[in-house]
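# Overview (structure and organization)
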Amino acid sequence: MSWDTIVGHEHQIRVLQTALASNRLAHAYLFAGPEGSGKETVAFELAKILNCRIFRDLPGEGSCGECESCRQADRLMHPNIEYLFPVEAALLETIDPSKKENKKLAEARERYEALLDEKRKNPFFTPAMERSMGILTEQVVMLQQKASLAPRDGGKKVFIISQAERLHPTAANKLLKLLEEPPAHVVFVLVSSRPESVLPTIRSRCQLLNFARPKPAEIEAWIAKRAPQLDESERRFIVSLSRGNLSSALELIEAETGDGAAPAVVGIRNKAIDYLRNVLVPAKFHEAIGACEELAKSSTRTEQLIFLDALLLFFQDVTRRSIDPAFPELNNPDIAESTNRFVKAFPNRDLYQASTVIEEAMRSINRNASVILVMAGLTAELRGILQAKR
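Every chain is numbered on its own, with residues counted from 1 as its sequence reads. Two thresholds apply to this predicted model, a pLDDT of at least 70 for residue-level local features and 80 or more for giving and counting side-chain atom pairs, whereas whole-chain, interface and lining totals are computed over all residues. The side-chain figures draw on all heavy atoms in the structure; neither hydrogens nor water molecules are used.

Take the overall build of the chain next. Strands here mean DSSP runs of E at least two residues long; helices mean DSSP runs of H or I at least four residues long; both are numbered from the N terminus. Along its length, the chain carries 17 helices and five strands. Principal-axis analysis of the C-alpha atoms places the extent of the chain at approximately 75 × 50 × 45 Å. Whether two residues touch is decided by their heavy atoms; if any such pair falls within 4.5 Å, the residues are in contact. A separation of at least 24 residues holds for 74% of the contacts in the chain among residues at least 6 apart in sequence. Residue-level accessible areas treat just the shown protein chains as cover; the underlying method is Shrake-Rupley with a 1.4 Å probe. Summed over all atoms, the accessible surface of the chain reaches about 19500 Å², with 51% contributed by carbon and sulfur. Treating the 51 positive side-chain charges of the chain as one cloud and the 51 negative ones as another, the clouds have centres 3 Å apart. When charges are counted, neither His nor the chain ends are considered; positive counts come from Lys and Arg and negative counts from Asp and Glu. Where a charge lies is defined by one atom per residue type: Lys uses NZ, Arg uses CZ, Asp uses CG and Glu uses CD.

The next subject is helix α16 (residues 351-366). In this analysis, the expected span of each helix is defined as 1.5 Å times one less than the number of residues it contains. For α16, which comprises 16 residues, the first-to-last C-alpha distance of 23 Å matches the rise-based estimate of 22 Å (1.5 Å per residue) to within 8%. Looking at α16, one finds that the buried residues are L351, A354, S355, V357, I358, A361, M362, S364 and I365. The inward-facing, buried residues of α16 abut α14 (301-323), α15 (336-345) and α17 (371-387). Each residue is assigned to one of three classes by its accessible area relative to the maximum for its type, calculated with a 1.4 Å probe on protein chains only: buried under 20%, partly exposed between the two thresholds, exposed over 50%.

Bringing the layout of surface pockets into the picture now. In this analysis the probe radius is 1.4 Å and the grid spacing 1 Å, with only protein atoms considered; a cavity is a set of points the probe fits into but cannot get out of, a pocket is an open set with protein on both sides within 12 Å along at least five of seven lines, and lining residues have an atom within 4 Å of a point. Grid points are joined across faces, edges and corners, and a volume is the space filled by probe spheres set on the points. Within this model, the largest pocket holds a volume of roughly 760 Å³. Around the largest pocket sit 30 residues that line it, and T5, I6, T41, E45 and P123 are the ones nearest its centre. Looking at the lining of the largest pocket, the elements with two or more residues in it are α1 (10-21), α2 (39-51), α4 (68-74), α5 (103-121) and α9 (216-226). Counting residues per element, the lining of the largest pocket draws most heavily on α9, at five residues. All residues other than Ala, Val, Leu, Ile, Met, Phe, Trp, Tyr, Cys, Pro, Asp, Glu, Lys and Arg, Gly among them, are scored as polar; the first ten of these are nonpolar and the last four charged. Tallied by class, the residues present in the lining of the largest pocket amount to 13 nonpolar, six polar and eleven charged.

Their axes nearest at 9 Å, the elements α14 and α15 cross at an angle of 65°. Crossing handedness for the pair α14 and α15: right-handed. Across from F314, F315, D317, V318, R321 and S322 in α14, the residues of α15 making contact are A336, S338, T339, N340, F342 and V343. Partitioned by chemical class, the residues of the contact of α14 with α15 number six nonpolar, four polar and two charged. Working convention: axes come from line fits to C-alpha atoms, limited for helices to the stretch in contact. Angles between N-to-C directions cover 0 to 180 degrees. Definitions for this section: a left-handed crossing has its near helix turned counterclockwise from the far helix by less than a right angle. A right-handed crossing has that turn clockwise.

On to the nonpolar core. Throughout this description, the term nonpolar core refers to a set of buried Ala, Val, Leu, Ile, Met, Phe, Trp, Tyr and Cys residues connected via side-chain atoms within 4.5 Å. Grouped together as the largest cluster of nonpolar side chains are 56 residues, with contacts concentrated most on W222, Y275, L308 and F315. Ranked by residue count, the leading element in this core is α14, at eleven residues. Ignoring anything within four residues of it in the chain, the contact list for L308 reads I358, A361, M362, I365, M375 and L378. Counting residues in hydrophobic clusters, the runner-up holds 36 residues, among them A47, Y83, A90 and A108.

Turning our eyes to something else, we now look at the pairing of strand β3 (residues 157-161). Counting buried positions over the five residues of β3 gives five, a clear majority of the element. Burial of β3 is two-sided: the residues K157, F159 and I161 facing one way and the residues V158 and I160 facing the other way are all buried. When DSSP finds two or more bridges between two strands, those strands count as paired. Pairing of strand β2 (residues 81-84) with β3, which is carried by four bridges, proceeds in the parallel orientation. The residue bridging E82 from the neighbouring strand is F159, located in β3. Relative to strand β4 (residues 186-192), β3 runs parallel, the two sharing five bridges. For V158, the partnering residue across the bridge sits in β4 and is V187. In this fold, the crossover linking β3 to β4 by way of helix α7 (residues 169-180) has right-handed handedness. Classification remark: right-handed applies to a crossover when, strands pointing away from the viewer, the course from the first strand over the helix to the second runs clockwise.

A few words on unusual backbone geometry. The backbone phi angle of H9 is positive, close to 60°, even though this residue is not glycine. Note that H9 resides in the segment before α1. For H9, a relative accessible area of 7% translates into the label buried. A positive phi is found at R243, a non-glycine position, where the angle reads about 55°. Within the secondary structure layout, R243 lies in the loop between α10 (232-242) and α11 (246-254). According to the relative accessible area criterion, R243 is partly exposed, its value standing at 42%.

What the five strands build is an open sheet, ordered β2-β3-β4-β1-β5; its pairing is parallel. The sheet is open, and its two edges are formed by β2 and β5 (207-210), each paired on a single side. Each neighbouring strand pair of the sheet contributes to a mean axis angle of 15°, computed without reference to strand direction. Relative to the sheet, α1 contacts β1 (28-32) and β5, its axis offset from that of β5 by approximately 145°. In this fold α2 packs onto β1, β2, β3 and β4, with an angle of close to 170° to the strand it touches most, β4.

Shown next, in the form of C-alpha cells:
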C-alpha cells in the first residue's frame, strides 16, 4: 500500500519491512544518498506506518493513507512526527507576547511556511532557508523536550532530520546525547546527501541505509502513472533532463502548457534545437541573436536553464550516435533524425568544448549575470566551435 508510492528503492523497503514485521526496528537510521533520490519519502512513509491506525490492526500492510493520522502526516502536521531542516535563527528567538511581532520575524515565518507548502506539494523537495546557519542548537533542544513526552494515540514519535550534515556542532553534540540514551518510543531518521560530513559518533549510532538514484525505467514508469497524457518520448526526455532527481522530474512534469497539449519542457527543447540550427546557418545568425533576446526577456531563469540543458542533452545524443550509429538510448528519441543529420553534416566537431561553454553560461545565469550578454557571447562561441573541424 504505502510502499507503492515510493519510486525505486526495493532493497531499502525490504529491509524496513523485515524490521517492522519482526518488531526489530532500529532506534536510529541514517538514510544516505544523492539529493532528490527519494530518501525523505521513505522516511515519511516509515513515520506514517508507525502511526497509522489501520496498520496497527493489519500489521505488514503498510500505512493506509486515508486515516486521520496519515492525512496529518501528509500535511506535515502530525503531533508525533517532527521534521527538522535548516532554518533562520530569527524563528527560534524568544518573543515577549506583550510586544508586537517584529517585521524580521514575520518575514522569516513567511519564508518558512512557503518552504513547508512546497514540501507538501513536492515530497522530493529538500527545504532549507537561505539565511540559515544550519540546523541550530535550539532546534535540537526542542527535540529533547518533545522526546521526553509520550506519543499520542499509541503510535511512535519519529524525528526526521533533513540535511543532517548541516547540524551545527553544538546541535550535533546535543543530538548525540539523545541518541546515546534514546527513549523507547522515539525513532530517529537522519537524512543526508553528504553522510561523510555527519559527525562520526552520530553515524556510529545509526543504522545506515544507502540510497541510489532510481533507475531511468523506474522514473519513467512513475511518470507514466502520474502523467498518463505524456507519450514515451516526452517521458524519456523528462527522465534525461532530471538526471534521476525526482524533485526536478516532478517540477518538469507539472510544467505543462496552458492547454495541456505538451509539457513546456519539450517546447523549450524544440526552441533550443531551432536556435542551434540558426547558429549553424550563417544567413540566419541574426535569428539566433533574436532567440537570445526573446529568451532573456520572456523566460524565467528555470526556463533559461532548461533551454541550455536541452542543448547539452542533444550534444550528448550526437556524441553517442557518432560513436555508435545505432545507439538506442537517446535522450531525445523523438528527434533522432535531427540527431543523425547533425552527425553527418558536422562530423569531428569539438562537442566537449561546446558543452563546456554551455555549462559556463548556465553558471553565469545562476550568478545573476545579464542573460542577453551571456547568450550573445555563447552564440558567438558556439558558432566558432561548431564551424571548425578538429
